[in-house]
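So you can see what is in the structure, the chains are spelled out below.
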Amino acid sequence: MLQKPDAEPVVTRDQANWPMLALGWTIYFSFGMGVASLVPLVSIIKADLDLSYTQIGMLLGAWQLVFMVAAAPAGWAIDRFGPKRVLVFGAIIIAISISLRTFAHSFIFLLFTVGFFGIGGPITAVGLTKLVADWFTGASRGLASGIYITGAAAGIAMVLALTHPVFLPLAGGWREAHVIYGAIAFAIAIAWIFFGRDNPDSTFDRRARKQSKEKGSYLSVITQPAVWMVVAVGFAGFLANHGVRNWLPEILEQAGMSREVAGLLGALPAITGIVGSIVVLKLATRGAGARRIAILSLLVVTALAVLAIMTTTGPLLVLAIMVEGFCAGAFAPLMLNTLMEMPGVGARNTGAAAGLFFSVGELGGTAGPVMMGVAADATGTFSAGLVLVALTMIVMIIPALRIRS
């Protein structure tokens, strides 16, 4: 006989499944490869396909536009069917999207392949959030939230750092390099098919909910004002993350650096973001006060770092890039963990909450790259775009102050 579904199962110990987290990490790694695969190649693709900066901005922001539409349905599907089956689907879409870029000889086709990636992206992002909520509790959940998102940062860092010195010479061209990235993504999808699994307790709870007359998980989530404050701050994090990071190699090339050096420095935010997501989550989850201080600090320091990227050179520029990456990389895991711990959300409604978070947040993910590209075409530099990013971070202090314990 099934238990009542009106409360989450009581957990008497700190629950953790690190092998499942490691497997989920690899899926986010493939997601990171797909996000970054075009970034170090902007100048080459721009010349090869005769594109404007605005068109490049559209390419860099296309998947986020699809992402925000697909995130809410993905959250519903994951809450209903569990992470494993849905994540398999998402991992395969990511692998196909990356591989199709091999055949791109026009702006429209390349835009299609990037947009198609936006279907697999939310499935992966929301699914892994749900996986952490299902398999981890207590202090382990906060640590796991910081760790799993480093998979995307590692994928981004690998592509940015190794595209010019390793993958381009090995493959012979930017299209051929995507064959390598696609093969890695397909291998990860196959591994998830064979070794991924759902938490039996969560599977039991889903069956119970299907047999009950319980209202949908989205109603429990969207009626909470604090959820919307978290989502608003998440928007700012995506704006800074995608807007600055996707254009950083081009910004540095415009400042006179070589492609190789720009690619290596462009990888720094992803690397320091790995550290930031773990360190900030470890400190911020010690209590409501620590969490609130962490959110406000991230907003202010990110704004200052973005302005420093625009105005400094030499070691100070490198430091600004590292700090921006450290802070921007911590936004998503911190805000998602905040949602998991909210009354009315918890593990059972995490899919719905994460779907809402990514749907609205990726407005920033789309607006960031496009805004930077339009500003560059209009002014000839990226300064105006960087200023707008910094101002957005400062404005988001207002909803951040309204996030209560």
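Scroll up for the structure.
Keep in mind that this is a model prediction, so the values were computed, not measured.

**Student:** What exactly am I supposed to notice about the overall build of the chain here?
**Tutor:** Helices and strands together make up the secondary structure of the chain, namely 17 helices and zero strands. Taken over 405 residues, the chain has a buried fraction of 59%. When contacts within the chain are restricted to residue pairs at least 6 apart in sequence, those whose partners lie at least 24 apart make up 85%. Carbon and sulfur atoms form 70% of the exposed surface of the chain, whose accessible area is close to 15500 Å².

**Student:** Can you help me understand the environment of Met322 in this one?
**Tutor:** Here Met322 shows up in helix α14 (residues 314–340). Overall, Met322 belongs to the partly exposed group, its relative accessible area being 35%. Each C-alpha atom of the pair Met322 and Ile309 lies 10.0 Å from the other, and the pair is 13 residues apart in sequence. Setting aside its immediate chain neighbours within four residues, Met322 contacts Leu268 and Thr272.

**Student:** Help me understand the packing of aromatic side chains in this model?
**Tutor:** Two descriptors summarise a pair of aromatic rings, namely the distance from one centre to the other and the angle between the planes of the rings. Enumeration over the complete set of coordinates arrives at 15 aromatic pairs. Ring pairing ties together the aromatic residues Tyr28, Phe31, Trp63, Phe67, Phe117 and Tyr148, which thus form one cluster. The lysine or arginine in question, Lys46, covers the ring of Tyr53, its NZ or CZ lying 4.9 Å from the ring centre. Positioned above the aromatic ring of Phe117 is the side chain of Arg101, whose terminal nitrogen or guanidinium carbon lies 5.5 Å from the ring centre.

**Student:** Looking at this model, I keep getting lost on the packing of helix α11 (residues 225–254) against α14. Mind explaining?
**Tutor:** Two quantities define a packed helix pair, namely the angle between the helix axes and the distance between the axes. Orientation of α11 relative to α14, taken along the N-to-C sense of each, is 150°, at an axis distance of 9 Å. Comparing the axis directions of α11 and α14 gives the class roughly antiparallel. The hand of the α11/α14 crossing is left-handed. Between α11, through Val227, Val230, Val233, Gly234, Gly237, Ala240, Asn241, Val244, Arg245, Leu248 and Leu252, and α14, the contact on the second element is made entirely by Leu317, Ile321, Glu324, Gly325, Ala328, Gly329, Phe331, Met335, Thr338 and Leu339.

**Student:** Would you explain the side chain of Glu253 in this entry?
**Tutor:** Tracing the sequence through the fold places Glu253 in helix α11. Residues in contact with Glu253, not counting those within four places in the same chain, are Ser43, Ser258, Arg259 and Ala262.

**Student:** How should I be thinking about the pattern of salt bridges in this particular structure?
**Tutor:** Proximity of charged atoms lets side chains of opposite charge pair with each other. This structure, assessed with the given rule, holds two salt bridges. Arg175 is paired through a salt bridge with Asp48; the nearest N and O atoms lie 3.0 Å apart. Taken as a pair, Arg175 in helix α8 (residues 174–195) and Asp48 in helix α2 (residues 42–49) lie far apart in primary sequence, 127 residues in all. A salt bridge links Lys130 to Asp134; its shortest N-O distance comes to 4.0 Å. Of this pair, Lys130 and Asp134 are both found in helix α5 (residues 107–135), four residues apart, which corresponds to roughly one turn of the helix. We classify Lys130 as buried; its relative accessible area is 3%. In this structure Asp134 comes out as buried when scored by relative accessible area, which is 7%.

**Student:** It is not clear to me how the packing of helix α15 (residues 350–379) against helix α16 (residues 383–395) should be interpreted in this structure. Could you clarify?
**Tutor:** For the pair α15 and α16, the least separation of the axes is 7 Å and the interaxial angle reads 140°. Relative to α16, α15 is oriented oblique. Listed contacts from α16 to Met371, Met372, Ala375 and Thr379 of α15 are Ala384, Gly385, Leu386, Leu388 and Val389. Residue classes in the contact of α15 with α16 are distributed as seven nonpolar, two polar and no charged.

Cut-offs applied
- All residue numbers here refer to positions counted from 1 along the written sequence of the relevant chain.
- Local features in this predicted model are restricted to residues of pLDDT 70 or higher, and side-chain atom pairs are both shown and tallied only at a pLDDT of 80 or more, whereas totals for entire chains, interfaces and linings draw on every residue.
- The basis for every side-chain value is the complete set of non-hydrogen atoms in the structure, without hydrogens or water.
- Secondary structure follows DSSP: runs of H or I at least 4 residues long count as helices, runs of E at least 2 residues long count as strands, and numbering of each begins at the N terminus.
- Exposure is judged per residue with a 1.4 Å probe applied to protein chains only, and the accessible area is read against the type maximum: over 50% gives exposed, under 20% gives buried, and values in between give partly exposed.
- Throughout, a contact is declared for two residues whenever any of their heavy atoms are within 4.5 Å.
- All accessibility values rest on the Shrake-Rupley procedure with a 1.4 Å probe; residue burial counts only the protein chains present in the view.
- Any pair of Phe, Tyr and Trp rings, taking the six-membered ring for Trp, is counted once the centres come within 6.5 Å. Such a pair is stacked with planes under 30 degrees apart, edge-to-face with planes over 60 apart, and tilted for the rest.
- Placement of a positive charge over a ring is assigned whenever Lys NZ or Arg CZ falls within 6 Å of the ring centre and within 35 degrees of the normal to the ring plane.
- Only C-alpha atoms enter the line fits that serve as axes; for helices the fit covers just the stretch in contact. Angles between N-to-C directions range over 0 to 180 degrees.
- Reported orientations rely on four angle classes, namely roughly parallel under 35 degrees, roughly antiparallel over 145, roughly perpendicular from 65 to 115, and oblique for the rest.
- Rotating anticlockwise by less than a right angle from the far helix to the near helix defines a left-handed crossing, while the corresponding clockwise rotation defines a right-handed one.
- The term salt bridge refers to a side-chain nitrogen of Lys or Arg lying within 4 Å of a carboxyl oxygen of Asp or Glu.
- When residue character is reported, Ala, Val, Leu, Ile, Met, Phe, Trp, Tyr, Cys and Pro are called nonpolar, Asp, Glu, Lys and Arg charged, and the others, Gly included, polar.

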